[in-house]
Amino acid sequence: MMKNKVYNIIALVYLILLSACEVSTTTGVMNDDIDRKVEELVSQMTLDEKIGQMCQVNGGHGHDESIKNGAIGSILNDVDPINVNRLQKIALEESRLGIPLIIGRDVIHGFKTVFPIPLGQAATWNPELVRIGAHIAAAEARSTGVNWTFAPMIDISRDARWGRIAESLGEDPYLASQLGAAMVKGFQGDDLSSDKSIAACAKHFAGYGAAEGGRDYNTTLIPPRELRDIYLPPFKAAVDAGVRTFMAGFNDIDGVPATGNKFLFRQVLRQEWQFNGFVVSDWASPWEMINHGFAANEKEAAKRAINAGVNMEMATTTYRDNITELLEEGLVKEETINQAVREIIRVKFELGLFDNPYVDAANQNQFAKQEYLDAAKQSALQSMVLLKNENNTLPILSSNKKVALIGPMANEMYEQMGTWVFDGDSTLTITPLKAMKDALGDDKVLFAKGMEITRTQHTKGFKQALKLAKKADVIVFCGGEEAILSGEAHSRANIDLPGVQNQLIKELKKTGKPLVLVVMAGRPLTIGEESAMADAVIYAWHPGTMGGEALADILLGKANPSGKLPVTFPKEVGQIPMHYNHKNSGRPANPNSWTQMYDIPVKAPQTSLGNESHYIDAGFTPLYPFGYGLSYTSFEYSDLKLNKSVYQDSETVIVSFTLKNTGEIEGEEVAQLYVRDLVGNVSRPVRELKGFKRVALEAGEVQNISFELPIAELAFHNEDMQKVVEAGEFQLWVGGDSNATLSQMFTLEK
Ligand code: BGC
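What counts, and at which threshold
Residues numbered from 1 in each chain as written. Predicted model: local features only at pLDDT ≥ 70, side-chain atom pairs only at ≥ 80, totals over all residues. Heavy atoms only, no water. 1 Å grid on protein atoms, 1.4 Å probe; cavity = no way out; pocket = protein on both sides within 12 Å on 5 of 7 lines; lining within 4 Å. Points joined across faces, edges and corners; volume = space filled by probe spheres on them. Nonpolar A, V, L, I, M, F, W, Y, C, P; charged D, E, K, R; others polar. Patch = residues over 30% accessible without salt bridge, like charges linked within 9 Å, V, L, I, M, F, W, Y side chains within 5 Å. Areas by Shrake-Rupley, 256 points an atom, 1.4 Å probe, with all protein chains shown as cover. Salt bridge = Lys/Arg side-chain N within 4 Å of Asp/Glu carboxyl O. Lys, Arg positive; Asp, Glu negative; His and termini not counted. Charge placed at Lys NZ, Arg CZ, Asp CG, Glu CD. Helix = DSSP H or I, 4+ residues; strand = E, 2+ residues; numbered from the N terminus. Buried < 20%, exposed > 50% of the residue type's maximum accessible area, 1.4 Å probe, protein only. Contact = heavy atoms within 4.5 Å. Polar contact = N/O pair within 3.5 Å; in protein donor to acceptor, adjacent residues only side chain to side chain. Pairing = 2+ DSSP bridges. Near = heavy atom within 4 Å. Axes fitted to C-alpha atoms, helices over the stretch in contact; angles between N-to-C directions. Left-handed = near helix turned anticlockwise from the far one by under 90°.

### Digging into empty space enclosed by the protein
- All told, the structure shown has 4 cavities of 30 Å³ or more when counted by the stated rule.
- Of the volumes computed, that of the largest cavity is approximately 90 Å³.
- What lines the largest cavity is simply Met45, Glu49, Gln53, Ile67, Gly70, Ile72, Ala91, Ser95, Arg96, Leu97 and Ile99.
- Tallied by class, the residues present in the lining of the largest cavity amount to 6 nonpolar, 3 polar and 2 charged.

### Quick notes on a positive patch on the surface
- On the surface, Lys402, Lys463, Lys467 and Lys471 cluster together into a positively charged patch.
- Examined against the element boundaries, lysine 402 turns out to sit in the loop between β11 (385–389) and β12 (403–406).
- Overall, the relative accessible area of 33% leaves lysine 402 in the partly exposed class.

### Quick word on the pattern of salt bridges
- Under the criterion given, the structure shown has 42 salt bridges.
- Across the pair lysine 377 and aspartate 553 runs a salt bridge, and its minimum N-O distance is 2.8 Å. You can see lysine 377 sitting in helix α16 (residues 370–383) and its partner aspartate 553 sitting in helix α21 (residues 547–555), a full 176 residues away along the chain.
- Residue lysine 377 is classed as buried on the basis of its relative accessible area of 16%.
- With a closest N to O distance of 2.9 Å, arginine 492 and glutamate 481 form a salt bridge.

### Some words on the environment of tryptophan 420
- In this fold, tryptophan 420 is placed in the loop between β12 and α17 (432–440).
- Separated by 310 residues in sequence, tryptophan 420 and glycine 110 have C-alpha atoms that sit 9.4 Å apart.
- If near-sequence neighbours (up to four positions away) are discounted, tryptophan 420 is found in contact with Asp106, Ile108, His109, Arg164, Glu167 and Glu488.
- In terms of polar contacts, tryptophan 420 uses its side chain to reach the side chain of glutamate 167, at 2.4 Å.

### What about a nonpolar patch on the surface?
- A surface patch of nonpolar side chains, amounting to about 410 Å² of accessible area, comprises Met597, Tyr598, Ile600 and Ile616.
- The residue tyrosine 598 is located in the loop between α21 and β17 (635–642) in this model.
- Classification of tyrosine 598 by relative accessible area gives exposed; the value is 74%.

### As for the sheet that holds strand β25 (residues 728–735)
- Spatial strand order, β18-β26-β25-β20-β21: 5 strands in an open sheet with mixed pairing. Strands with a single pairing partner mark the edges of an open sheet, and in this sheet they are β18 (646–647) and β21 (688–697).
- When strand β20 (residues 667–677) meets β21, the two strands line up antiparallel, connected through 9 bridges. When the sheet's bridge partners are listed, alanine 671 is paired in β21 with lysine 693.

### Considerations on the site of the ligand
- For the ligand, the full set of nearby residues is Leu76, Asp106, Phe150, Arg164, Lys203, His204, Met247, Phe250, Asp282, Met314, Trp420 and Glu488.
- Here an oxygen atom of the ligand sits 2.8 Å away from a polar atom, N or O, in the side chain of lysine 203.
- Looking at the shell around the ligand residue by residue, the class counts come to 6 nonpolar, 1 polar and 5 charged.

### Things to note about helix α10 (residues 233–240)
- For α10, the set of buried residues is Pro234, Phe235, Ala237, Ala238 and Val239.
- Buried positions along α10 lie against α8 (173–188), β5 (201–205), α9 (224–231), β6 (245–248) and α11 (262–272).
- Positioned one or two residues after α10, glycine 242 has a phi angle of 95°, which is positive.

### Some words on the pairing of strand β1 (residues 55–58)
- In this sheet, strand β10 (residues 313–314) lies alongside β1 in parallel orientation, the contact comprising 2 bridges. Among the inter-strand pairings, cysteine 55 is bridged to a residue of β10, identified as glutamate 313.
- As paired strands, β1 and strand β2 (residues 74–76) are joined by 3 bridges and run parallel to one another. Its bridge partner lying in β2, glutamine 56 is registered against serine 74.

### Thoughts on the packing of helix α7 (residues 127–142) against α16
- Between α7 and α16, the least distance of the axes is 10 Å, while the angle of their chain directions is 145°. In terms of crossing hand, the pair formed by α7 and α16 is left-handed. Counted together, Leu129, Ile132, Ile136, Ala139 and Glu140 of α7 and Glu371, Tyr372, Ala375, Gln378, Ser379 and Gln382 of α16 form the full contact between these two elements.
- The residue inventory of the contact of α7 with α16, partitioned by class, reads 6 nonpolar, 3 polar and 2 charged.

### Remarks on the layout of surface pockets
- Approximately 530 Å³ is the volume found for the second largest pocket.
- In this structure, the second largest pocket is lined by 30 residues; those nearest its centre are Arg142, Ser193, Ser194, Gly352 and Asn356.
- Among the elements of the structure, α2 (28–44) and α7 are those that each provide at least two residues to the lining of the second largest pocket.
- Broken down by element, the lining of the second largest pocket gets its largest block of residues, 4 residues, from α2.

### Observations regarding the environment of alanine 740
- Along the chain, alanine 740 falls in the loop between β25 and β26 (742–748).
- For alanine 740, a relative accessible area of 6% gives the class buried.
- When the C-alpha atoms of alanine 740 and alanine 671 are compared, they prove to be 9.8 Å apart, with 69 residues separating the residues in sequence.

### Concerning the environment of phenylalanine 626
- Relative to the helices and strands, phenylalanine 626 is located in the loop between α21 and β17.
- Among the residues examined, phenylalanine 626 registers a relative accessible area of 0% and is labelled buried.
- A C-alpha to C-alpha distance of 30 Å links phenylalanine 626 and glutamine 188, two positions 438 residues apart in sequence.

So this is what it looks like as structure tokens:
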């Protein structure tokens, strides 16, 4: 059975990984021991050696002398185990104190085996699968000598124009917290010194996702309450999950660049959250504070970053060139430097690098094992979101049917891996074309790209595509965005399907054949018009190495789609920012009465009476809401009950309900729990996600499901910026998306 198979594979991968992890040795005793060793070492270090630990350089060549002199603490971007071993040998055997290097790399959604982009993984709503994905990425990366990744990226992203939304876990603090923590655990394992673990890095602290206008690197304006309630929770969850490093963002928040932000790194991260790992800058971000107009020169930039609590500088040399002078002039204290160095060295000890920084010859370059590919396929399967399925167009059940597979993303081994895949091996990729041919036979799959790439602006390929489409029983159009249209610095002001895809879809529609739209993209695209034309729509994100097989299984009904949107899909770019957990406003829109632009009478008088918050040309609802996703079966929620109706502070709301698979095939549903605090000391969101569960149900099966919601989870920051849970009335919903209607009230008494 499909469901059993899914679980067997997950269980298998889990067991394999578990057996590969050694039992945790991160005990108190070990920490004391590490602290002692750190102290001992730091007390022997010269100032230059300390500065060296705070410097990270790019690439593994040309630095031998500096490593020997103890002038470099970290390298980023060397993935050749032979060279990494060579450099570690220099560090250990030829530098005065023998301090190993920490080797960083962007291992974002897989290493050689590529998993769906993080936004796609977020659509699985499956922390365990996300954890496994990170663990596999870690194991592959560490087999090259990399021992530190710059992930997870847990910037809350409410703006689909921002290219880096692809790298994020979506718009919701609760979902991003759960999945971000799972990634941290996956990368770091139970024992950081295992040859399958690497240190994780929570980035970008903080608020980078709020870039004004969705334009990358742009300034952010985040009110303190929103910072605390929306942007910071995933970072706190990462600390609680044991993340060992943080990265400072490029952005400024209300005028203070993150890299020079004492409030973020000293007060919140270290004082309030008691984080004892270390902070790396983003690439050249101390130096960029000159461009921000926050530092007059490199010396001042270094001063501000160090004093704010950024331990290590990535790529630029403002630290190396200025720390000595800053100390001499008393602008940076010696203890600040000592502490910065202690925190870096502690992580090196935890990684076991002092004992063995080398990759054994037998363990080098361990990539793409079968269980890794199986897990990547599971992740892709659960990440795909069925947005529409009229007349049961999908699945394509008869193997006698001819399928016209059309489109610029149907056979793109590189593009379907998505953004940030420095090491992704595109030769491993299974495309939809390959998978469909393998499943149906060459003669049943008629393939034409129709467009060379997603941005093609001419229609020369249409003729062939239409010719094949006419011969087929069903058309599957596979389009979207190439990998490079999302990711860092690739923000878009218009998030329609690029090139002439819309035109091609229109032409395909005219054939009258059932039309399936598959979108591979790094962000939500405004696909309202194309969705309306299509009979079925699958949002596949950039699904990674095994995306084609996963898609074919879904198209052909070997698997039932179960992904849910981790981010709201707007109809129009002008609706952005658009997120489900918005405020109600004084004039909330009424679903039944918003005035459409074309219905407004000519010379209608302006009035302030009876108005509501909406766009006269786009209303106020999204194209697809947060949490949404269909299945080939259907689910019914009923019998919602709470264990009580009145609660006290320390209690837990036990929410129970019945979930029934009302269709004819087995399927998985992600049941979601939302809450609204009706009246607050400050206005509160109309809904907030507070729980979710992925549940597998046979056809007709009924299960009683429950959520536990500790009252403490209802806390928010009040007018005085105190974190409080307030007495009052709360409404709660359970259902399959953020528009869930099954609801109950409860009261909190103080
Ligand atoms: C990105 C980071 C990344 C770093 C190193 C920067 O441009 O903002 O997310 O980790 O480069 O590659």
